[in-house]
Amino acid sequence: MDSGYKVSDSRYEGVEFNRCGRSGLLTSPVTLGLWHNFGSSDDFGKAQGMVRFAFDNGITHYDIANNYGSPDGGSAESNFGKILKKDFAAYRDEMIITTKAGYYMWPGPYGDGGSKKYLVASLDQSLNRLGLDYVDIFYSHRPDPATPIEETVDALELAVPSGKALYVGISNYNPEEARTAHEELDRRGIRCLVHQARYSMLDRRPEEGLLDTLDELGMGCVAFSPLEQGILTGRYLNGIPEGSRASGQSVFLNTEQVEARVGVATALNEIARSRGQTLAQMALAWVLRRKTVASVIIGASSVDQIRENLECTEKGPFTPEELGKIDDVVESFQY
Ligand code: NDP
C-alpha cells in the first residue's frame, strides 16, 4: 500500500559514491544499519522516519541480518519490509539491501552456524520477511569453525544463480579465512564482493593484514560499528543519558565499557573540534580515509544522528599531523 510519501528530488546532490572493490557496484559512503532500533519493541514511525531521511539524503545502502530486531530476531527485517512496501516500492532499484546468516536464529541444529542447510533456509526466510525477490548482498555473518568454509561457500554460491542475491560477501573472517572464501567462490565463478569488518579509531584489527588482503583480492570493506556503538560520538561525553544504548539492557554495550573509554573519547573530541567537526563525523571520516573501505555502516536512534553523521565527508582529508595526534591519543589511553 502506497503511503503517499514523496522522495526528495535532490537526494543525490553532493553525494560521492564509492566503488566496492574491483566491481561495478557503487555504494553511498554511509550505510544505514538496522541492528538496533528497528525491532518489534521499537517505535515503527521513528524507524520509518529514519529510513525516509536516509534515502532522501543519498543513503542507498541498508544493512540487516536475519537475527536483527528486539526482542524477536527477524523483526527488523519484517519492519524494514513494511517500510519498503509502504514507501519505496518504486525505488527498489535505487537501493542496496543486504542480509546475513551465521548467528543463532532458530532452535535445533539448523538455525545457527555455517552449514548449507542453515544459510539456504535463512535466506529464504529473510526474503519472505523483507517481502523481496532478492537481496543485493547475502553475507556469511561469521566463519563457523565446525563447518568447512567450502560448505558455507556452497550456500553463498547457490544464492547467486538462484537469483536470490546479486552479490555475496563475508563478515568477521580473518585474512586467511577471507582468502579461502574468495578463492573457493572464484573457482566456482562467483565474485566475493565484500567483507564486513568491525573497524574504528579504537578497533584497528583490520589494519593487521585484513585490509591489505582485501585490496589484493579486489574486495571492498564495509566497516561496522565505526562509532564504537556511540562511544566515538558526543553521546557519552557528559555521562550516560537516558535512552542511550548503554543506559538500556544492551548486552553489547554496558556502562563499564563506556566509563573506561570516555577519557579517550574526550581527548579525540578535542582533535575533532580543531578540525571543525564533531567527534562522530571525525570517527567516520577516519575509517573512510582508507580507500578499501567503501562504506561505513552507522546505527542511529534518531534522524538528527543520521544528519550529523552524513556530514562526515564535508571536511578535507586528514593531515599527517592530525593522523599522528589521533594515534598518539589512542595509544596513550588504556581501555
Ligand atoms: P555505530 O558504531 O555507528 O553505533 C551506533 C549507535 O551510536 C547509535 O545507535 C546511537 O546510539 C549512537 N550514535 C550514532 N550516531 C550518533 C551521533 N551522531 N551522536 C550521538 N550518538 C550517535 O554502529 P552499530 O554498532 O550500531 O553498528 C552499525 C551497523 O553495523 C549495525 O546496524 C549492523 O547493520 C552492522 N553490524 C554488523 C555486524 C557484523 O557482525 N557484521 C556487527 C554489528 C553491527 P544510541 O542508541 O545511544 O542513540
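Data block above holds the structure.
Each residue is numbered by its place in its chain's sequence as written, counting from 1. With pLDDT at 70 or above as the cut-off, local features in this predicted model cover only qualifying residues; side-chain atom pairs require 80 or more to be listed or tallied, and sums for whole chains, interfaces and linings still use all residues.

Colleague: Got a minute to help me understand the overall build of the protein in this structure?
Modeller: Each helix is a run of H or I in the DSSP string that is no shorter than four residues. Each strand is a run of E no shorter than two, and both are numbered from the N terminus. The helix and strand inventory of the protein stands at 10 helices and 10 strands. Using C-alpha atoms as the atom set, the radius of gyration is obtained and then compared with a globule rule of 2.2 Å times the number of residues to the power 0.38. In terms of C-alpha radius of gyration, the protein reaches 19 Å, essentially the compact-globule figure of 20 Å for 335 residues. Taken along its principal axes, the extent of the C-alpha atoms in the protein is 50 × 50 × 40 Å. Every C-beta atom is placed from the backbone, and the number of other C-beta atoms within 10 Å of a residue's own sets its class: buried at 20 or more, exposed at 12 or fewer, partly exposed in between. For the protein, buried positions account for 47% of its 335 residues. Residue pairs are scored as contacts if the distance between their C-beta atoms, which are placed from the backbone, is within 7 Å. Across the protein, the fraction of contacts at a sequence separation of at least 24, relative to all contacts at a separation of at least 6, is 76%.

Colleague: Explanation requested: the site of the ligand in the structure shown.
Modeller: Only the C-beta atom, placed from the backbone, is used; a residue is near a molecule or strand if that atom lies within 6 Å of it. Lining the immediate surroundings of the ligand are 30 residues, of which G33, W35, L227, G230 and G299 lie closest. Those elements that provide at least two residues to the shell around the ligand are β10 (293-298) and α9 (303-310). If one sorts the elements of the shell around the ligand by residue count, α9 sits on top with 3 residues. Note on residue classes: Ala, Val, Leu, Ile, Met, Phe, Trp, Tyr, Cys and Pro are nonpolar, Asp, Glu, Lys and Arg are charged, and everything else, Gly too, is polar. Residues of the shell around the ligand, tallied by class, amount to 9 nonpolar, 16 polar and 5 charged.

Colleague: Help me out: how do you make sense of the nonpolar core in this one?
Modeller: Most often, soluble globular proteins have nonpolar side chains that are buried together. Buried Ala, Val, Leu, Ile, Met, Phe, Trp, Tyr and Cys residues form a nonpolar core when they are connected through C-beta atoms within 7 Å. Of all hydrophobic cores here, the largest spans 92 residues; its most connected members are I137, V168 and A223. Considering every element that reaches this core, the biggest residue donor is helix α8 (residues 279-288), with 9 residues. Apart from the residues lying within four places of it in its own chain, the contact partners of V168 are I137, F138, L156, A159, V160, L185, I190, C192 and L193.

Colleague: Just checking my understanding: could you explain helix α6 (residues 210-217) for this structure?
Modeller: Given 3.6 residues to a turn, an α-helix orients residues that are three or four positions apart in the same direction. Buried residues of α6: L210, L211, T213 and L214, and no others. The buried residues of α6 occupy one face: seen down the axis, they fall within an arc of 160 degrees. The first or second residue beyond α6 is G218, which carries a positive phi of 75 degrees. Within this analysis, the arc is defined by the directions that extend from the helix axis to the C-beta atoms.

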